[in-house]
Amino acid sequence: MADDTRSFTRYVWINAGLAATSLLWYVLYSTVGAGHVAIAYAAAPLEGCVAVAALFGLWRTVRGNPVARRFWGALLAAAVSMTLGYLVMGVHAAFYSVRGMPPDMPLVAAAAIALGFTLAMWAVGRVPVGTSGAAERWRMNLDRMVACLGCATVLWHFGLAPMLTADERWSTQTLSLIGLAFLLSIGGVTKVSYLGDGAVDRTAIRMVAAVGLTAAGVAVLAATFGHDGGVPAQAVVLPLGPVLLVLAVRVQAKAALGHRRMSRRSSTLLPYLAIAAVDLPLIAVAAGPLRWPGRVSLVAAVLISILVAIRQFVVFRDNRLLLRDIRGQEVRLQHEVSHDGLTGLANRARFRDALHAALVAERPATVLLVDLDDFKTVNDSLGHDVGDHLLVAVARVLADQCGADALPVRIGGDEFAVLLVGGTTVGETVAQRILDALSRPISEHRLLVQASIGITTVVPGATVDGVLRDADIAMYAAKQRGKAGHVRYAPGMEEPVLAHIQLGGEIRRGLDAGEFRVVYQPLLALDTGRIVGVEALVRWDHPIRGTVPPIEFIPAAERTGLIVELGRFVLRETCRQTAAWLAEFGPDALQRPAVNVSARQLHDPDFVADVLAALADNGLSTDRMVLELTESAVLRGSQVSQTLHELARLGIKLALDDFGTGESSLSLLRAFPAAIVKLDKSFVDGIEIDDANPSARDARQAVARAVVQLANALGLEAVAEGIENEAQVEQLRALGYTLGQGYHLARPMAAGDFTALLAAQHLAAQHKAVTA
């Protein structure tokens, strides 16, 4: 089998040539009487043999597809049967023609041709339509009944009925075959209208159906010329059938080889075309005498009218259901467009529309912007599912506490809003109700969550964006004032807030421009003054503002997330500088550099890898590094706990900074893998002799003593922070502290200055060794 359609195209040309030759012979026969009448029967069996060869080749091509194999295999059998029938007719005509008139059709030939038409109808009927449900099948069958009756009425009235009522009586064989051919045409036409682009090409089935329509030509000739129409029917009309059949083969072969052209169904038009077609017999009946074939046509027209009425009722019902579904979908879509999918509250778009409507109508309105405090911690420590449940619970709180005149809204993420329009409720009252409700555990996980609320009231001439900006500034101010509160917007409030927001952009630029540097504050042994370690601190040399205090830029870096990149810079720079000091002064010059780590860094999934990479790139072992964390950073959930335990397993020492200031300091030491505790400066201040307030002094000493004793009992090192005079040193030593840090001992200094300290210490150690 060739890999293209050229062989099938040759079959088309051969049959077309045979059909043209037969037509030419008939022209000569009818004009000059050339040839024997049996020649009229030659084209059909010859073309049938060509069609059989084409069908066999196609069957071999598509036999991998069960549907196509069954269809074209049945048509191959049908073509073989009909070709044999036409061959028998031709032989019979050659021997039994009388005075140039063709003989009656032999019963054997009629049976073979009838079998062929039956097989073809079976093949067309077995092609799957592909309906999706019972309702669609019901509608399709109703449409097909209308179409079948319409087509059948036309073929009956203008094709078969004239032969039945003709003066010359036609044989039963001929009438049966024409009826079967009409059935094939009707079935094929209605079938193809409901086929998609499946295994059997729709155009090919149309051509198979058209083979049956050649019987219509035979019937017209018979009705017009009687038995004299037999010769043109055999020589001119019937040869068209095999031509159409090989054309169908060629179309299917192209589709099988990937040259299919996508087509669309014509099922929606077919019933209406059938209704239009049935009008033709009615017009013919009206124009002539009413005889029994006309009555049959009238009955068919009545049946079609009944079916059409039923179909219209079905269409009306379906359209009504469809319209109801569409309206329901419109309501759902409008709700989805204007509401948040998670919480069910109104969304940002609806909020803006409602606020705009209030501004246009000049109605009094107040906006509350509600932002959950530290919501990211919930997602990071407990997971996003728990966070989603918490958001839903917050939405219920807003809906319950805002009142009937309010519109609670989810703006996005963990940010909500409340629009109060036309009511007398004061914004502060609603804000406080919300904060009070959030002071109790909510959601199915019984979580406590706090919120910062900004309040603004619409003023004449305000815009939607302006109102939202004012509420956002007030909300940000509430966060700056300690969170879990509400602040009303006041003119001028935006200046410090915007300055703080702009600071984030300045930090980004400063990181890119290399404006940040690391300074180092030594950690000393209190008895000898020897440098034991160093704490790395970051400073920002702003080109315009000068040195920016960490208390200003660290919170902004935390808020923007830039603390991760800033912390990575400090970590890598500290490791690089430590490696240089160890290379210059020996491995004992500096036992442990310390770097401060924020909670935001601990939530970074790459944090552990960043620490290991910084150490490895500078040739440092993990036991050389100390990471300092505050108690609040440690209490940030399971993800932070897992990170800290992983760092401890790797050998990195963890120091608990500002120890003693939190509510869970003692319990932390049981769950947190700390190696060092650093007594907070607040317990060192005033720890020396203080005659003015001896009770405060005694309390500080008691805390400091308890911390060092607890550390010793747990095998931890204790470090005193914030030492500012020698009296504090002496008192801390008396309490049992051996390590300390503070401005009295050494201030934070540049790397070069710390290098000088290490050099002096190294020189002193060498001198001592020599003199010893």
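The rules we used
Residues numbered from 1 in each chain as written. Predicted model: local features only at pLDDT ≥ 70, side-chain atom pairs only at ≥ 80, totals over all residues. Heavy atoms only, no water. Helix = DSSP H or I, 4+ residues; strand = E, 2+ residues; numbered from the N terminus. Buried < 20%, exposed > 50% of the residue type's maximum accessible area, 1.4 Å probe, protein only. Contact = heavy atoms within 4.5 Å. Areas by Shrake-Rupley, 256 points an atom, 1.4 Å probe, with all protein chains shown as cover. Phe/Tyr/Trp six-rings, centres within 6.5 Å; stacked < 30°, edge-to-face > 60°. Patch = residues over 30% accessible without salt bridge, like charges linked within 9 Å, V, L, I, M, F, W, Y side chains within 5 Å. Salt bridge = Lys/Arg side-chain N within 4 Å of Asp/Glu carboxyl O. Pairing = 2+ DSSP bridges. Axes fitted to C-alpha atoms, helices over the stretch in contact; angles between N-to-C directions. Parallel < 35°, antiparallel > 145°, perpendicular 65-115°, else oblique. Left-handed = near helix turned anticlockwise from the far one by under 90°. Nonpolar A, V, L, I, M, F, W, Y, C, P; charged D, E, K, R; others polar.

A. Examining the overall build of the protein chain more closely. A tally of helices and strands in the protein chain yields 28 helices and 14 strands. For the protein chain, the proportion of its 772 residues judged to be buried stands at 48%. Long-range contacts, defined as pairs at least 24 residues apart, comprise 72% of the intrachain contacts of the protein chain with a sequence gap of at least 6. Of the accessible surface of the protein chain, which amounts to about 36,900 Å², a share of 59% is contributed by carbon and sulfur atoms.

B. Seen up close, the packing of aromatic side chains. Scanning all chains against the criterion turns up 10 aromatic pairs. Between tyrosine 520 and tryptophan 581 the ring centres are 5.0 Å apart and the planes differ by 80°, which places this aromatic pair in the edge-to-face class. In this pair, tyrosine 520 is assigned in strand β6 (residues 516–525) and tryptophan 581 in helix α19 (residues 563–585), connecting sequence segments 61 residues apart. When its relative accessible area of 1% is taken as the criterion, tyrosine 520 is described as buried. An aromatic cluster is defined as three or more aromatic residues linked by ring pairs; in this entry it consists of Phe516, Trp540 and Phe553.

C. Here's a closer look at a nonpolar patch on the surface. Together, Val80, Leu84, Leu87, Val91, Phe95 and Tyr96 line one region of the surface with nonpolar side chains, adding up to about 620 Å² of accessible area. With respect to the secondary-structure elements, phenylalanine 95 resides in helix α3 (residues 66–96). Residue phenylalanine 95 is classed as exposed on the basis of its relative accessible area of 64%.

D. Representation of the sheet that holds strand β3 (residues 415–421). Spatial strand order, β2-β3-β1-β4-β5: 5 strands in an open sheet with mixed pairing. One side of each edge strand has no neighbouring strand; the edge strands of this open sheet are β2 (406–412) and β5 (486–488). The average undirected angle you get between the axes of adjacent strands in this sheet is 20°. Of the strand pairs in this sheet, β2 and β3 are connected by 6 bridges, and their pairing is antiparallel. The residue of β3 that forms the bridge with arginine 410 is phenylalanine 416. Running over the sheet, helix α12 (residues 348–360) touches β1 (365–372), β2 and β3 and is turned about 135° from β2.

E. Quick look at the packing of α3 against helix α4 (residues 107–125). As a packed pair, α3 and α4 sit with axes 7 Å apart at the nearest point and diverge in direction by 165°. It follows from the interaxial angle that α3 and α4 lie roughly antiparallel. For the pair α3 and α4, the crossing hand works out as left-handed. Along the contact surface, α3 presents Arg70, Phe71, Ala74, Leu75, Ala77, Ala78, Ser81, Met82, Gly85, Tyr86, Val88 and Met89, while α4 presents Ala109, Ala112, Ile113, Leu115, Gly116, Phe117, Leu119, Ala120, Trp122, Ala123 and Val124. Taken together, the residues of the contact of α3 with α4 break down into 19 nonpolar, 3 polar and 1 charged.

F. Main features of the environment of isoleucine 453. You can see isoleucine 453 is positioned in strand β4 (residues 451–457). Overall, isoleucine 453 belongs to the buried group, its relative accessible area being 0%. In this structure, isoleucine 453 is in contact with Leu368, Leu369, Val370, Ala431, Ile434, Leu435, Ala474, Met475, Ala478, Gly485, His486 and Val487, ignoring residues within four places of it in sequence.

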